[in-house]
Amino acid sequence: MKPWPRMYPDTFNFHFHNMLPAMGRKATYLCFEVEGRDQDLVYKGVFQNEVCQGAPGHAELCFLDWFCDTFVSPNVSYHVTWYISWSPCFECAKVVERFLNENRNVSLRVATARLYLCDQDDEQGLRDLCAAGAELDVMSPEDFKYCWDQFVYNQEMPFKYWKNVRRCYYDMKRMLKEVLWYEFPQLPQPSPLTLLPSSGLSAASGARLPHTSSLYPSGPVCQGAPGHAELCFLDWFCDTFVSPNVSYHVTWYISWSPCFECAKVVERFLNENRNVSLRVATARLYLCDQDDEQGLRDLCAAGAELDVMSPEDFKYCWDQFVYNQEMPFKYWKNVRRCYYDMKRMLKEVLWGLPRGLRRIYEFDLQKKDCLQVI
């Protein structure tokens, strides 16, 4: 069974239309891209619901069947992107979840045109997919145009956006957020420590959970011994959220990326608690030696999403975690340039490039500027 190279325009316009309700659209179409270690496009194509391994199969299962037969090396990292007309049902989500847990060298992003939510099991399936490390999103108008260009026999005709496509996109995105951010009952909060206005973030990590927002400073006593902010958070989290049957999504905004020792503890926590997904947005990269770099790669392998804090993230933290006295956030000089430099540096670390083959950047904490070192 091989994927199609492209689909016909009428098929795309009918099945990927992001309206709800979507009458008569019972088939699922899956456009995919597979990228290799150097982010080179290895393969792309289209799957539809069809006979898979001798039995009718959903498009997601047909892709996994083909992928496992085609890409067999466990030593190569692959990034897979799906543009799919319906989000996976509960049964498919469980199969994909198991595949991701068994193949830590594969990362998956799923952008869906519509959400398939027949019952609560389907919602739980999407949360479980996130817990396994998959990135779930809704297809934007720009995504539809991209698929038209890449996966449709369009005869060089321009893509015509459907009526209300952007409004439907925002509605669908809000629905997905509500599904992934499961409504929890009101829970007791930890004693909050909020930063006073200053020129930047102190050594603290902000953790966002439904109904809880707090800051954890670096260096307090944690379980009887001085602990880094990450360990203090885990100590509090394990005491507060005890249900293994509920999925949690945790976001950290952190001034320094985790050191090697903290990364190993967080990695072990994520492997032991598959119902917890973690996104870490860091202001700066803590890279004293190669162990710290390996720690970040191990964190990603455990399913954590690592990123660099953007200028918009700094403003968000200023609004949510700082006693700002309603003063507007003032962006630092060169903040966006430093963001792009740091993001490139993180990408090089996660892709495991040797230090001699990449540019290393040191962060000048006093000037809030980036100095390039060859």
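The shown structure was predicted, so the numbers you read here are calculated from the model rather than taken from an experiment.

A.B. asks: Go over the pattern of salt bridges, please, and point to the residues and values.
C.D. replies: Evaluated as defined, the whole model comprises 16 salt bridges. Across the pair Lys 94 and Glu 97 runs a salt bridge whose closest N-O atoms are separated by 2.9 Å. Of this pair, Lys 94 and Glu 97 both sit in helix 3 (residues 90–102), three residues apart, which is roughly one turn of that helix. Judged by relative accessible area, which is 13%, Glu 97 ranks as buried. One salt bridge in this structure joins Arg 279 and Asp 307, with 3.8 Å as the shortest N-O distance. Of this pair, Arg 279 sits in strand 13 (residues 276–284) while Asp 307 is found in strand 14 (residues 305–308), placing the two residues 28 residues apart along the sequence. Across the pair, Asp 307 and Arg 279 agree in class, each one buried. It is possible to trace a salt-bridge network through shared partners that takes in Arg 109, Glu 135, Asp 137 and Lys 173.

A.B. asks: Go over the sheet that holds strand 7 (residues 135–138) with me, naming the residues and quoting the values.
C.D. replies: The strand order across the open sheet formed by five strands is 2-1-5-6-7, and the pairing between neighbours is mixed. In this open sheet, the two strands that pair with only one neighbour each are strand 2 (41–48) and strand 7. Strand-to-strand twist in this sheet, taken as the mean axis angle between neighbours without regard to direction, amounts to 15°.

A.B. asks: Can you tell me about the pairing of strand 13, naming the residues and giving the values?
C.D. replies: Counting buried positions over the nine residues of strand 13 gives nine, a clear majority of the element. For the handedness criterion, the β-α-β arrangement of strand 12 (residues 248–256), helix 8 (residues 260–272) and strand 13 is classed as right-handed. Inspection of the sheet shows strand 13 paired to strand 14 by four bridges, in the parallel sense. Considered in strand 14, the bridge of Thr 282 is made with Val 308.

A.B. asks: An account of unusual backbone geometry is needed here, citing residue identities and associated values.
C.D. replies: The phi dihedral of Gln 155 is positive, around 50°, even though this residue is not glycine. For Gln 155, the location among the structural elements is in the loop between helix 5 (141–151) and helix 6 (165–180). By relative accessible area, which is 69% here, Gln 155 ends up exposed. Even without being glycine, Glu 326 reaches a positive phi, approximately 60°. With respect to the element layout, Glu 326 can be found in the loop between helix 10 (311–321) and helix 11 (335–350).

A.B. asks: If you had to explain the side chain of His 17 to someone new, which residues and values would you point to?
C.D. replies: Residue position: His 17 is located in the loop between helix 1 (9–15) and strand 1 (29–35). The exposure class assigned to His 17 is buried, which follows from its relative accessible area of 17%.

A.B. asks: Which residues make up the confidence of the model for the protein, and what values do they have?
C.D. replies: Mean pLDDT over the protein works out to 80, with 79% of the residues at or above the 70 mark. The element-level mean pLDDT for the protein is lowest in strand 16 (residues 369–373), coming to 35, with helix 5 highest at 96. pLDDT under 50 marks residues 183–224. Its contacts with residues more than four places away, or in other chains, come to 110 contacts. Confidence over residues 355–374 falls short of pLDDT 50; this stretch has 48 contacts with residues more than four positions distant or in other chains.

A.B. asks: Describe the state of the cysteines, listing the residues and the values that go with them.
C.D. replies: Per the counting criterion, the structure on display carries zero disulfides. For Cys 92, which is in no disulfide, the shortest distance to another cysteine sulfur is to Cys 89 and amounts to 3.7 Å.

Rules of the game
- Here the residue index of a chain counts from 1 through its sequence in written order.
- With pLDDT at 70 or above as the cut-off, local features in this predicted model cover only qualifying residues; side-chain atom pairs require 80 or more to be listed or tallied, and sums for whole chains, interfaces and linings still use all residues.
- Note that the side-chain values use all heavy atoms of the structure and ignore hydrogens as well as water.
- In what follows, salt bridge is the name for a side-chain nitrogen of Lys or Arg lying within 4 Å of a carboxyl oxygen of Asp or Glu.
- Helix numbering and strand numbering both begin at the N terminus, where a helix is a DSSP run of H or I of at least 4 residues and a strand a DSSP run of E of at least 2.
- Classification of residues uses two cut-offs on accessible area relative to the type maximum, computed with a 1.4 Å probe and protein chains only: under 20% is buried, over 50% is exposed, and between them is partly exposed.
- By definition, two strands form a pair when at least two bridges between them are found by DSSP.
- Here, axes are lines fitted to C-alpha atoms. For helices the fit covers the stretch in contact, and angles between N-to-C directions go from 0 to 180 degrees.
- With the strands pointing away from the viewer, any crossover whose connection runs clockwise from the first strand over the helix to the second is right-handed.
- The pLDDT value tells you how sure the predictor is about a given residue, anywhere from 0 up to 100.
- Here a residue-residue contact requires only that any non-hydrogen atoms of the pair lie within 4.5 Å.
- Two cysteine sulfur atoms make up a disulfide if the distance between them is within 2.5 Å.

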